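One-letter residues, chain by chain:
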Amino acid sequence: VRKAGMSELMALRERGYRIDIAEGKLSLQDFYRRCAEAWVVWSPEGLGWDCFRHYEALGCGSVPMINQPTIERHRPLIGGIHALYYDPEPGCLTGAIEAALADKDRLRAIARAGKAHVLAHHTLAAIGNYVVETTLGAQPWVTNSDCNLGCAAPRGRSHLAPLAGRGRIAKAIRVRGTIETPHTS
């Protein structure tokens, strides 16, 4: 995907499109600046499709151009609403970029909606809350029968409830049926 996509980007450059390709590793500040200066940021799959590069591009006001995923994702960026997607067949990236650049108002709207989506669902805090709420919310994490705290909770009730709250990550770690609370200074 990356090799074929790079060939298409180079062909677009030869046709007069301004294609910014870094010659080496960029500092985070330079990466963000270059994203903010672009209408579209090419963001092909790497080790998967959920990538902070997509979210960073949106945070900078640009629209990520992503190859179509083949997996189900958590709170995905919706094509045409939060991001743009292209098929991996030859010429599809070129066509998607040309179509996107033909409608700058649409790109602005996608960037705004995508940024709002990322801030709501893909920040480190949002992801952490999702993990805590889905793993701890499904069933009690530690119940009276496997707790080793030396306290008596009502049968079947979790001792973890006081330690975890909506909007913050639990300060407890389950280790072989006991709760260990990290020491804080």
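It should be noted that the structure appears before, not after, this text.
Residues numbered from 1 in each chain as written. Predicted model: local features only at pLDDT ≥ 70, side-chain atom pairs only at ≥ 80, totals over all residues. Heavy atoms only, no water.

> Residue-level account of helix H4 (residues 92-101), with values.
Where H4 is concerned, the buried positions are Leu93, Thr94, Ala96, Ile97 and Ala100. Buried residues of H4 fall within an arc of 165 degrees about the axis and therefore sit on the same side. On its buried face, H4 is in contact with helix H1 (2-14), strand E1 (40-42), strand E2 (63-67), strand E3 (84-86) and helix H5 (104-121). (Buried < 20%, exposed > 50% of the residue type's maximum accessible area, 1.4 Å probe, protein only. Helix = DSSP H or I, 4+ residues; strand = E, 2+ residues; numbered from the N terminus. Arc of directions from axis to C-beta. Contact = heavy atoms within 4.5 Å.)

> Outline the packing of aromatic side chains, listing residues and values.
Inspection of the entire model under this criterion finds 2 aromatic pairs. With centroids separated by 5.9 Å and ring planes inclined at 50 degrees, the aromatic side chains of Phe31 and Tyr32 adopt a geometry described as tilted. Its relative accessible area of 30% is what places Tyr32 among the partly exposed residues. A ring pair is formed by Phe52 and Tyr55, whose centres lie 5.7 Å apart and whose planes are at 90 degrees; its orientation type is edge-to-face. One end of the pair, Phe52, and the other, Tyr55, are both in helix H3 (residues 52-59), 3 residues apart, so they sit about a helical turn from each other. (Phe/Tyr/Trp six-rings, centres within 6.5 Å; stacked < 30°, edge-to-face > 60°.)

> With reference to specific residues and values, describe unusual backbone geometry.
Outside of glycine, negative phi angles account for most residues, and trans bonds account for most peptide bonds. For Arg75, which is not a glycine, the phi torsion comes out positive at approximately 45 degrees. Within the fold, Arg75 resides in the loop between E2 and E3. Residue class for Arg75 comes out partly exposed when judged on its relative accessible area of 44%.

> Lay out the sheet that holds E2 with the relevant residues and their values.
With parallel pairing, the 3 strands of this open sheet are ordered in space as E1-E2-E3. Edge positions in the open sheet fall to E1 and E3, since each of these has one partner strand only. Sheet twist, expressed as the average angle between the axes of neighbouring strands with direction ignored, equals 30 degrees. Pairing analysis gives 3 bridges linking E2 to E3, with the strands arranged parallel. Bridge pairing links Ile66 to Tyr85 in E3. Across the sheet, H3 lies against E1 and E2, angled at about 155 degrees from E2, the strand it touches most. (Pairing = 2+ DSSP bridges. Axes fitted to C-alpha atoms, helices over the stretch in contact; angles between N-to-C directions.)

> So what about H5? Which residues, and what values?
The first and last C-alpha atoms of H5 sit 25 Å apart over 18 residues, in line with the 26 Å expected at 1.5 Å per residue. Of all the residues in H5, the buried ones are Leu107, Ile110, Ala111, Gly114, His117 and Val118. Around the axis of H5, the buried residues are gathered within 135 degrees of arc, so they sit on the same side. In H5, the exposed positions angled more than 90 degrees off the buried face are occupied by Asp105, Arg112 and Leu119. Turning to H5, the residues buried within the fold contact E1, H3, E2, E3 and H4. (Expected span 1.5 Å × (residues − 1).)

Nothing here speaks to function; it is all geometry.
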